[in-house]
Amino acid sequence: MVNFLQLLVLGLLAGGVYVGVGVGFGLVWGVLNIVNLAHGALVMVGGYLTWTLFTRLGLDPFLSLPLDALLLFTIGYLLQRGVINRVIRAPLLFTFLLTFGVNLVVINLLLLLFKSDFRSVTPSYAGAGLELGVLVIPFTRLGALVVALLLAAGLAFVLNRTRTGLAIQAVGADRDAAQLVGIDLRHTYALTFALGAACAGVAGGLITLIQAITPTAGEPYTLQAFVVVILGGLGRVTATVAGGLLFGLIEVFGQSIPGSGSVYANAIAFGLLVLVLILRPQGLMGRLR
Amino acid sequence: MRSRSSVLLVVAALLSFACGGTAGTGGTSTGATITFGAPLGLTGSLTKESTLTQQGYDLWVDWINQQGGINIDGVKHPVKVKYYDDTSSANQSAVLMQKLITEDKVNFLLGPYGSAATATDAAIAEQNQVPMVEANGAAQAIFNQGYKYTFGVLSPANKYLQGVVDMAATLTPKPTSIFMLSADDNFSLEVANAVRDYAPSKGFTVTLQKYKNGSTNLAAEVQAAKAANPDIVMNSGHLLEAIAINKAAKEYKLNSKLFAYSVGPSTPDFINSLGKDANYVYDGSQWTPQVKYKPSFYLTESQYVDAYHKKYPGAGDPDYHVAESTAACLAFQKALENAKSTDPKKVRDALAKLDVMTFFGQIKFDSRGINTYKPMVVEQIQNGQHHTVFPTDVADVKPMYPTPAWDQR
């Protein structure tokens, strides 16, 4: 029972990172119809900024998160406006190719700047945690979960309660109608991508607290974000949150199967993904479009 | 465009003329340059380890060219290494190996990084009958194929954590249980299975838990280890997983008397990433800067460490990936000298018969081509420094045991 509770906690904590990575990816996919293969690389850009600020200036990793968001927002805006916008109406394969290329460029720039060494952020409270009886909740992971949920809430607020957010949703719903009512398409596209990238930056900052990073460490997260968004359902922030937490739980419970069970944790997650696609293609909490 | 390429051509011609000129004025009997080919993961997930491998190769290339080259029957042949980036993909590595042989016409092959790429490359070396000496593929699966042209200078995978088991059996209070975590790739499983088979003979019980190769979230596995409350926690994986497990062990208060990881702790990154949490961790190491062998040629351990510091300032001490890669070059050097020829077949035979002592230890291959003659050593990180703790005749300090609980450090 205790073990079950601990695993539940572990799963939710692990899910926090997936929520962080998933929300930005889901936004870009939902509105721009771009499966951004460079998302993981952008996550790592945020990670390296947090690492740099921590090692050079001793800035607490949680405090550097707004700066991650700001940097990535800028990069995202320019990237969309300058590069990705050129293929925005092209077939899916073109956007795949382009974002894959961006992925390679970003990773190799990071390699040039930071080399391939493993980098890690270890503030004084790393490894410390709440102990409730035998239950252990590490502070950094708890903090990461809380920030990820706040990030999702913030994104949901922007999308549902601000003019910009409503414009983004309008473009996502019907591009031509949105243009007819006077929404600047290119600017809105760029803003959407920038918001997605900003979320990636924050997720990257959180990841440095949890694992050692290298320029290529973001790649698995692109795949995981993809699964999270499909599990939850495209186009709604709350759905991505549910998908992320669920993915964390599946991973942790899968891994806890004794012997070689954990080898199949991914197989379980992807098996579920296929089931969802067959039985509920709009995702567990998604709307049909 | 046209004018630029013609300018480049002229420059290239001038350069080659200039280079030829200096060689000519030297007046020594300089033979043709011997070219080695090596695909390495200069980008992708194995960039770190591949860079260390490249450093090891380059250290020797610099040294041998300072000597004028490899002395083959009285003629000194300078050497160079042609590298390609295999993007850390084993398939790509094999493609590039083939390209090195057929297009670049390299004379000999140096191994890539990692057991997976080495296995695919060994098949290419065999098909083309070009000798390959590799330093970074320890899985015995590579050497159980009956290949004749692949040689590995490092101790095979099954030896990686055996030393730690041997050492643990000498400690008091004697630990009795091992919780073995293992990634599910070939190499890691060989290491883990060897412990599972060997440790009971030393009085240990072993529980094996496998996880997906490349995992960064290993909290559930660490939780499983905690539930089993073992004396020893071992991991057979790579640097990435070793860091993840050590972090999770602290976060979830997994307190064991001994933590030992197959790969990872020997690299500077492990200490840089974990800070003081890296202390007390053991690993099985192919080589440490403290070992004392009596090399018959090339540099001694301390000269080697100095040469490394000079060429790569700020990189810390060379770890075993660097040293074993240099050792692969040394095997080629001696084999070429002994063969008195650059004929691939003759060099292969010379490699098969090779038996030399180097700063890396003895290099001698068994009938399968792997070096089963060199022992592994056990390292422990103490106060942020690597120390050799076992076997006792090469150790520089005693093991710090038992490992204190996380909240008592």
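A quick note: this is a predicted structure, and the numbers were derived from the prediction, not measured.

Here is what the cut-offs are and how they apply
Residues numbered from 1 in each chain as written. Chains lettered and ligands numbered in written order. Predicted model: local features only at pLDDT ≥ 70, side-chain atom pairs only at ≥ 80, totals over all residues. Helix = DSSP H or I, 4+ residues; strand = E, 2+ residues; numbered from the N terminus. Rg over C-alpha atoms; globule rule 2.2 N^0.38 Å. Buried ≥ 20, exposed ≤ 12 C-beta atoms within 10 Å, placed from the backbone. Contact = placed C-beta atoms within 7 Å. Axes fitted to C-alpha atoms, helices over the stretch in contact; angles between N-to-C directions. Left-handed = near helix turned anticlockwise from the far one by under 90°. Nonpolar A, V, L, I, M, F, W, Y, C, P; charged D, E, K, R; others polar. Pairing = 2+ DSSP bridges. Expected span 1.5 Å × (residues − 1). Core = buried A, V, L, I, M, F, W, Y, C linked by C-beta atoms within 7 Å. Domains from an automatic or database assignment. pLDDT = per-residue confidence, 0-100. Parallel < 35°, antiparallel > 145°, perpendicular 65-115°, else oblique.

1. Brief notes about the overall build of chain B
Counting secondary structure elements, chain B contains 12 helices and 16 strands. The C-alpha atoms of chain B give a radius of gyration of 22 Å, which matches the 22 Å a tight globule of 409 residues would have. Projected onto the principal axes, the alpha-carbon positions of chain B cover approximately 70 × 50 × 40 Å. Across the 409 residues in chain B, those meeting the buried criterion constitute 55%. For chain B, long-range pairs separated by at least 24 residues make up 68% of all intrachain contacts whose partners lie at least 6 apart in sequence.

2. Focus: the overall build of chain A
Helix and strand content of chain A: 11 helices and two strands. Seen in sequence order, chain A has helices and strands lined up from the N terminus as α-α-α-α-β-β-α-α-α-α-α-α-α. What you see for chain A is a C-alpha radius of gyration of 19 Å, in line with the 19 Å of a compact globule of 289 residues. By principal-axis analysis of the C-alpha atoms, chain A measures approximately 60 × 50 × 35 Å. Expressed as a percentage of contacts within chain A between residues at least 6 apart in sequence, the contacts between residues at least 24 apart total 77%.

3. Overview of the packing of helix H9 (residues 219-232) of chain A against helix H10 (residues 237-255) of chain A
All names here are of chain A. Following both chains from N to C, one finds H9 and H10 inclined at 120°, their axes separated by 7 Å at the closest point. When you trace H9 past H10, the crossing you get is right-handed. Contacts from Gln224, Val227, Val228, Val229, Leu231 and Gly232 in H9 reach Ala239, Thr240, Ala242, Gly243, Gly244, Leu246 and Phe247 in H10. Broken down by class, the residue content of the contact of H9 with H10 amounts to eight nonpolar, five polar and no charged.

4. Here's the deal with the sheet that holds strand S9 (residues 205-211) of chain B
Pairing between sheet strands relies on hydrogen bonds along the backbone, with the strands arranged either parallel or antiparallel. Residue and element names in this part refer to chain B. Across the sheet, seven strands lie side by side as S9-S8-S10-S11-S12-S15-S16; this open sheet has mixed pairing. Two strands in the sheet have a free side with no partner beyond their single neighbour: S9 and strand S16 (385-390). Between one strand axis and the next, the sheet turns through 25° on average, direction left out of account. By the bridge criterion, four bridges tie strand S10 (residues 232-236) to strand S11 (residues 258-261) in an arrangement that is parallel. From the neighbouring strand, Met234 faces S11, where its bridge partner is Ala260. The strands touched by helix H8 (residues 239-251) within the sheet are strand S8 (177-183), S10 and S11, with S10 carrying the most contacts at an inclination of about 150°.

5. Details of the interface of chain A and chain B
Contacts between chain A and chain B engage 33 residues on the former and 33 residues on the latter. Counting residues per element, the side of chain A that touches chain B draws most heavily on helix H1 (residues 2-32) of chain A, which supplies five residues.

6. Considering unusual backbone geometry
Residues and elements named next belong to chain B. Cis geometry marks the peptide bond from Thr172 to Pro173, where omega comes out at -5°. In this structure, Pro173 sits in the loop between helix H5 (162-168) and S8. For the bond from Tyr401 to Pro402, the omega torsion is -5°, close enough to zero to count as cis. With respect to the helices and strands, the residue Pro402 is situated in the segment after S16. Phi is positive for Asp73, which is not a glycine, with a value near 55°. Assignment of secondary structure puts Asp73 in the loop between strand S2 (70-72) and strand S3 (75-77).

7. Observations regarding helix H3 (residues 65-82) of chain A
Taking 1.5 Å per residue, 18 residues should reach 26 Å; H3(A) reaches 25 Å between its end C-alpha atoms and fits that length. Taken together, the buried positions of H3(A) are Leu65(A), Asp68(A), Ala69(A), Leu72(A), Phe73(A), Ile75(A), Gly76(A), Tyr77(A), Leu79(A) and Gln80(A).

8. A look at helix H2 (residues 47-66) of chain B
Over its 20 residues, H2(B) runs 28 Å from end to end, which matches the ideal 28 Å to within 8%, given 1.5 Å per residue. Where H2(B) ends, the next residue or the one after it, Gly68(B), has phi of about 100°, a positive value.

9. Let's talk about the nonpolar core
By size, the foremost hydrophobic cluster in this structure holds 220 residues, and its most contacted members are Val17(A), Phe193(A), Leu206(A), Leu109(B), Val195(B) and Ala331(B). Each of domain 1 (31-156 + 291-364) and domain 2 (159-285 + 376-408) of chain B accounts for three or more of the residues forming this core. Those residues in contact with Leu109(B) that lie beyond four places of it in its chain are Phe36(B), Gly37(B), Met97(B), Leu100(B), Ala125(B), Val130(B), Pro131(B) and Met132(B).

10. Observations concerning the pairing of strand S1 (residues 129-132) of chain A
Residues and elements named next belong to chain A. With four bridges connecting them, S1 and strand S2 (residues 135-138) associate as antiparallel partners. When the sheet's bridge partners are listed, Glu131 is paired in S2 with Val136. Hairpin geometry of S1 and S2 is characterised by an intervening segment of two residues between the two adjacent antiparallel strands and by a positive phi of about 65° at Gly133.

11. Notes on the domain arrangement of chain B
Residues and elements named next belong to chain B. What the domain assignment reports for chain B is domain 1 (31-156 + 291-364) and domain 2 (159-285 + 376-408). Of the residues lining the interface, 14 residues belong to domain 1; the matching set on domain 2 comes to 15 residues. Taken together, the residues of the side of domain 1 that touches domain 2 sort by class into seven nonpolar, four polar and three charged.

12. Side note on the sheet that holds strand S4 (residues 79-85) of chain B
All names here are of chain B. Strand order in this open sheet of five strands is S4-S1-S5-S6-S7, and the pairing throughout is parallel. Each of the sheet's edge strands pairs with one partner strand only, and the pair in question is S4 and strand S7 (150-152). On average, adjacent strands in this sheet sit at an angle of 25° to one another, irrespective of strand direction. When strand S1 (residues 34-40) meets strand S5 (residues 108-110), the two strands line up parallel, connected through two bridges. By the bridge assignment, Phe36 is partnered in S5 with Phe108. Packed onto the sheet, H2 meets S1, S4 and S5 and runs at close to 165° relative to S4.

13. Comments concerning the confidence of the model for chain B
Residues and elements named next belong to chain B. Mean pLDDT over chain B works out to 90, with 93% of the residues at or above the 70 mark. Overall, residues 8-27 carries pLDDT values under 50, and its contacts beyond four positions in sequence, including any with other chains, amount to one contact. Here the complex is predicted with pTM 0.82, and the ipTM for its interfaces comes to 0.83.

14. Quick notes on the pairing of strand S13 (residues 355-358) of chain B
Direction of pairing for S13(B) relative to strand S14 (residues 361-364) of chain B: antiparallel, over a ladder of four bridges. What sits directly across from Met357(B), in S14(B), is Gln362(B).

15. A closer look at the environment of Asn160(A)
Mapping Asn160(A) onto the fold places it in helix H5 (residues 139-161). In this structure, the C-alpha to C-alpha distance between Asn160(A) and Leu27(A), residues 133 residues apart in sequence, is 13 Å.

16. Re the environment of Asn255(B)
All names here are of chain B. Within the secondary structure, Asn255 is located in the loop between H8 and S11. A C-alpha to C-alpha distance of 9.4 Å links Asn255 and Ile232, two positions 23 residues apart in sequence. Residues in contact with Asn255, not counting those within four places in the same chain, are Ala405 and Trp406.

17. Points about the packing of helix H2 (residues 39-57) of chain A against helix H4 (residues 92-114) of chain A
All names here are of chain A. Here H2 crosses H4 at 25°, and the two axes come no closer than 9 Å. Judged by the inter-axis angle, H2 sits roughly parallel to H4. Considering only the axes of H2 and H4, their crossing is left-handed. Contact residues: H2 offers Ala41, Leu42, Met44, Val45 and Tyr48, while H4 offers Asn103, Val106, Ile107, Leu110 and Phe114. Of the residues that constitute the contact of H2 with H4, the class distribution is nine nonpolar, one polar and no charged.

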